[in-house]
Amino acid sequence: MDKSPDAFRTISEVAEELDLPQHVLRFWETRFSHIKPLKRGGGRRYYRPDDVDLLKGIRHFLYGEGYTIKGVQRILKEEGIRFVQAIGRGEESVGAPRAEPKGAFIEPDEEPLAPEMADTLIVPSESLLSDDALSKLQSALDELVECDRVLRSLKVPSEAAVSD
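**With respect to helix H5 (residues 81–88)**
Along an α-helix, residues three or four apart share an orientation, since each turn contains 3.6 residues.
Thought 1: Among the eight residues of H5, six are classified as buried, and the element is accordingly described as predominantly covered.
Thought 2: Of all the residues in H5, the buried ones are Phe83, Val84, Gln85, Ala86, Ile87 and Gly88.
Thought 3: Buried positions along H5 lie against helix H3 (49–64) and helix H4 (69–79).
Thought 4: At the exit of H5 stands Gly90, carrying a positive phi of roughly 85 degrees.

Shown next, in the form of structure tokens:
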């Protein structure tokens, strides 16, 4: 039995529809404050149709257009949530965002994965990879940069504090 278009969806249903792992949707919730699924007892997530449209729009910009997470955050800030939802619904007439050119990789204000790797994150102007492959690589890099930032923010107790 198929659900009504207005029915709420579980995270597994949304992940399957978007062809994404569930952990990516959970990660996006930490990066995009606009993603707010209804949470029931036990933390089970239920996504409204507007939530699904928003996720589809975010997926389109990240994987289809090659935007960075910061780029999509900027689109949400400048163009608004309804714009991204409209893109998610496939409404082509909404126009292109002004936030970031297609194929942009590391933004000037973003920190590289690690300072010693700053010179190794160079992408030639004519890449041998397809736009889709570059988009997937960019998404993976965005997640790695964020993981690096989180790990660097964790405070490791000193040996003296541990032995006390």
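**Observations regarding a nonpolar patch on the surface**
Thought 1: Taken together, the side chains of Val150, Leu151 and Leu154 define a hydrophobic patch exposed on the protein surface, amounting to about 280 Å² of accessible area.
Thought 2: When you line up the elements, Leu154 lands in the loop between helix H6 (131–153) and helix H7 (159–163).
Thought 3: By relative accessible area, Leu154 is classed as exposed at 53%.

**Quick notes on H4**
Thought 1: Considered for burial, the residues of H4 that qualify are Ile69, Gly71, Val72, Ile75 and Leu76. Angular distribution of buried residues about the axis of H4 spans 165 degrees; they occupy a single face of the element.

**Some details on the side chain of Asp142**
Thought 1: Summarising the element assignment, Asp142 is placed in helix H6.
Thought 2: No salt bridge is formed by the buried Asp142; its nearest oppositely charged neighbour, Lys70, is found at 9.6 Å.
Thought 3: A polar contact of 3.2 Å, which involves the side chain of Asp142, links it to the backbone nitrogen of Ile69.
Thought 4: Setting aside residues no more than four positions away along its own chain, Asp142 makes contact with Tyr67, Thr68 and Ile69.

Criteria and cut-off values
- Residues numbered from 1 in each chain as written.
- Predicted model: local features only at pLDDT ≥ 70, side-chain atom pairs only at ≥ 80, totals over all residues.
- Heavy atoms only, no water.
- Buried < 20%, exposed > 50% of the residue type's maximum accessible area, 1.4 Å probe, protein only.
- Helix = DSSP H or I, 4+ residues; strand = E, 2+ residues; numbered from the N terminus.
- Contact = heavy atoms within 4.5 Å.
- Patch = residues over 30% accessible without salt bridge, like charges linked within 9 Å, V, L, I, M, F, W, Y side chains within 5 Å.
- Areas by Shrake-Rupley, 256 points an atom, 1.4 Å probe, with all protein chains shown as cover.
- Salt bridge = Lys/Arg side-chain N within 4 Å of Asp/Glu carboxyl O.
- Arc of directions from axis to C-beta.
- Lys, Arg positive; Asp, Glu negative; His and termini not counted.
- Polar contact = N/O pair within 3.5 Å; in protein donor to acceptor, adjacent residues only side chain to side chain.

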